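# Fold and contact review
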Amino acid sequence: MYRFLLSRQWVIVTLVAIALIPTMIELGIWQMHRYEMRSARNQLVSDALTAEPVPVERLTSPGHSVTSAERYRTVTATGTFDTSREVVVRRRVNSDDEVGFHVLTPFVLADGRVLLVNRGWIPANGAQTAFPKIPAPPAGRTTVTGRLMPDETTAASGIKDIKGLPDRQIMLINSAEQARRLGAGVLGGYIQQTAPEAKDGTPQQISDPGKEDAPLNYAYMIQWWLFAAGVPVGWWVLVRRERRDRAEASAAGTAAEAEPATV
């Protein structure tokens, strides 16, 4: 009745079905790990953004590497902006994907140490070889609030650290490099300024980090496991259909042989 399963065609179909089941199960497990990783990352970011603001000196110091638990923590600092030594970070986009610069201004604390403050985004407005015109920050002693960020690297950002750029332009924000340029103790990492807000909205503040789409990975996980469960069901449906078709063909052949010959 099922001898056809030993044919070359059905042996291949069966082997393919057997191979697909563990493959789809493994793909579902991979999506599950992605879901767990993204959910944990979203929770970490949410916890950091909702935590009470703390003085920046409590979380970082010269040479310190900002950890994943410290990233996006809201910090405060009191000091003065040093616009004479500010630089711009090339090839940065705003929320509308327009290319421009990020404004990085040294913020000198009371003890002489420096905090790097990313004040936000400004448009390129033509050639990027000249230093752009940047609105001035508040003068005198000021208290700023921002999200603490780790130093940028090519490996993490995908941005190449190109050398030979125009004066006062950089590709990556790195506290160690800025410490050498400024000849001062620079706190590890930098902050994305959130307060006080710039006059007339320029520079544009950097928006809050968005959440990764973890539920999408969960849906993919369920999808792959449903596919895995559907493979043996589909195989059995095909087998029953083949058996039925063969039985009908056999019955039709038998009926034809039983008919009397036409005189």
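Report follows, based on the coordinates. (Residues numbered from 1 in each chain as written. Predicted model: local features only at pLDDT ≥ 70, side-chain atom pairs only at ≥ 80, totals over all residues. Heavy atoms only, no water.)

## Side note on the pairing of strand 4 (residues 99-109)
Strand 4 sits mainly inside the fold: nine of its eleven residues count as buried. When strand 2 (residues 74-81) meets strand 4, the two strands line up antiparallel, connected through three bridges. Bridging across to strand 4, G79 finds its partner in L109. Sheet topology places strand 3 (residues 87-93) next to strand 4; five bridges connect them, and they run antiparallel. In the sheet register, V88 faces strand 4, and the bridge partner there is V103. Linkage of strand 3 to strand 4, two consecutive antiparallel strands, is achieved through a turn of five residues, within which D97 is found at a positive phi near 65°. (Buried < 20%, exposed > 50% of the residue type's maximum accessible area, 1.4 Å probe, protein only. Helix = DSSP H or I, 4+ residues; strand = E, 2+ residues; numbered from the N terminus. Pairing = 2+ DSSP bridges.)

## A short note on the packing of aromatic side chains
Counting across every chain of the model gives five aromatic pairs. It is R168 that lies over the ring of F131; its NZ or CZ is 4.0 Å from the centre. (Phe/Tyr/Trp six-rings, centres within 6.5 Å; stacked < 30°, edge-to-face > 60°. Lys NZ or Arg CZ within 6 Å of the ring centre and 35° of its normal.)

## Side note on unusual backbone geometry
Residues A195 and P196 are joined by a peptide bond in cis, for which omega reads -5°. By the element assignment, P196 lies in the loop between strand 8 (190-195) and helix 4 (214-258). Here the phi dihedral of R168 falls at roughly 65°; this positive angle occurs in a residue that is not glycine. Along the polypeptide, R168 turns up in the loop between helix 2 (154-157) and strand 7 (169-170).

## Remarks on the environment of R246
Secondary-structure assignment places R246 in helix 4. As for R246 and F4, which are separated by 242 residues in sequence, their C-alpha atoms are 9.3 Å apart.

## Focus: helix 1 (residues 8-50)
Given a rise of 1.5 Å per residue, 43 residues ought to cover 63 Å, and the 63 Å separating the end C-alpha atoms of helix 1 matches this to within 8%. All buried positions along helix 1 are accounted for by W10, A17, M24, G28, Q31, R38, N42, V45 and A48. (Expected span 1.5 Å × (residues − 1).)

## Points about the pattern of salt bridges
Two side chains bearing opposite charge may form a pair once their charged atoms approach each other closely. Within the structure shown, the criterion is met by seven salt bridges. A salt bridge links D82 to R85; the nearest nitrogen and oxygen atoms lie 2.8 Å apart. A relative accessible area of 15% places D82 in the buried class. For R85, a relative accessible area of 29% gives the class partly exposed. (Salt bridge = Lys/Arg side-chain N within 4 Å of Asp/Glu carboxyl O.)

## A few points about the side chain of E86
Turning to its location among the elements, E86 is positioned in the loop between strand 2 and strand 3. The class of E86 is buried, set by a relative accessible area of 5%. Here T105 takes part through its side chain, which lies 2.5 Å from a polar atom of the side chain of E86. One polar contact links E86 to R119, side chain to side chain, over a distance of 3.1 Å. For E86, the contacting residues outside a window of four places in its chain are V103, L104, T105, P106, R119, F131, I134 and R168. (Polar contact = N/O pair within 3.5 Å; in protein donor to acceptor, adjacent residues only side chain to side chain. Contact = heavy atoms within 4.5 Å.)

## Some points on the pairing of strand 3
Of all seven residues in strand 3, five are buried; the element is thus mostly enclosed. Pairing between strand 3 and strand 7: two bridges, direction parallel. Note on strand 7: the bridge partner recorded for V88 is Q169.

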